[in-house]
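So the chains spell out like this:
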Amino acid sequence: KTGTLTKDEMTVRKIFMLNRPVVDVTGAGYAPTGSFLANNQPLVVENGMLELLKGGVLCSDARLIEPAPGTWDIKGDPTEGALITAAAKAHLLKNELDNEYQRVAEIPFSSETKYMATLHKNGANHTIYAKGAAESILAFCTKAFGPQGTLDLTDADRQVILNQVQEFSKQALRVIAIASSNSNSLEGTPNNLTFLGLFAMIDPPRQEAAKAIATCKT
């Protein structure tokens, strides 16, 4: 039960991008401190991963707050809070990104479509970011961002992504997919998006939960 057995503090634990090692994210709760590791080695966040983190922030409405020095919380949805916190660990801050990439239109999340999309203006350029269930987002994608840049998304690529979603799910991680497109309109359903990656997150258990469960078993 959220907030009873768990802390109600969603935390990004892993990040997946096509044809790259799975990235581990350290830190807990909404404190914007932690690091990114690939194969247990510190990772320099750049290029595609920066775009993935940026997309997660811009296509979210939650905000990170510091009610008291050293105490962090969010206003808004805990899943979006996890995305914003992960980006803050790479020094990508919600307020700064919102100012640089003005949101000019959006498709709100719904339980039927299982995705949200936003349109942003940066100078003369426009970018769409979409986030949601992996199956929903992949249905809109024709390309993927990888180590060699943007390439066509093949059926084999789709299967690799879906297999990774399943693997994360086996680890009790909730998965959110992010995609983008250089487009100036959100009319209709998003299409021809570029798959950026997956965020896998978990709501950590409360310290008291282990004792409570042991008592129930007894």
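Calculation rules
- Residues numbered from 1 in each chain as written.
- Predicted model: local features only at pLDDT ≥ 70, side-chain atom pairs only at ≥ 80, totals over all residues.
- Heavy atoms only, no water.
- 1 Å grid on protein atoms, 1.4 Å probe; cavity = no way out; pocket = protein on both sides within 12 Å on 5 of 7 lines; lining within 4 Å.
- Points joined across faces, edges and corners; volume = space filled by probe spheres on them.
- Helix = DSSP H or I, 4+ residues; strand = E, 2+ residues; numbered from the N terminus.
- Nonpolar A, V, L, I, M, F, W, Y, C, P; charged D, E, K, R; others polar.
- Phe/Tyr/Trp six-rings, centres within 6.5 Å; stacked < 30°, edge-to-face > 60°.
- Buried < 20%, exposed > 50% of the residue type's maximum accessible area, 1.4 Å probe, protein only.
- Expected span 1.5 Å × (residues − 1).

Engineer: Sorry, what's going on with the layout of surface pockets here?
Structural biologist: Empty space among the atoms becomes apparent when a probe as large as a water molecule is rolled across them. By volume, the largest pocket is sized at about 310 Å³. Of the residues forming the lining of the largest pocket, the biggest block, 3 residues, is contributed by strand β12 (residues 174-181). Partitioning the lining of the largest pocket into residue classes produces 7 nonpolar, 3 polar and 6 charged.

Engineer: Teacher, can you tell me more about the packing of aromatic side chains here?
Structural biologist: Think of a pair of aromatic rings as described by two things: how far the centres are apart, and how the planes are tilted against each other in angle. Within the structure shown, the criterion is met by 1 aromatic pair. Taking the centre distance of 4.9 Å and the plane angle of 75° together, the rings of Y115 and F140 count as edge-to-face. Here Y115 is found in strand β8 (residues 115-122), whereas its partner F140 is found in the loop between α4 (134-138) and β10 (141-146), with 25 residues between them in sequence. When its relative accessible area of 7% is taken as the criterion, Y115 is described as buried.

Engineer: Is there a simple way to explain helix α1 (residues 47-58) in this structure?
Structural biologist: Structurally, the α-helix is built with 3.6 residues per turn, so residues lying three or four positions apart point the same way. With 12 residues, α1 should reach 16 Å at 1.5 Å per residue; the first-to-last C-alpha distance of 17 Å fits that figure. Among the 12 residues that make up α1, 9 are buried, leaving the element largely enclosed by the rest of the structure. Residues of α1 that are buried include every one of G48, M49, L52, L53, K54, G55, G56, V57 and L58, and no others.

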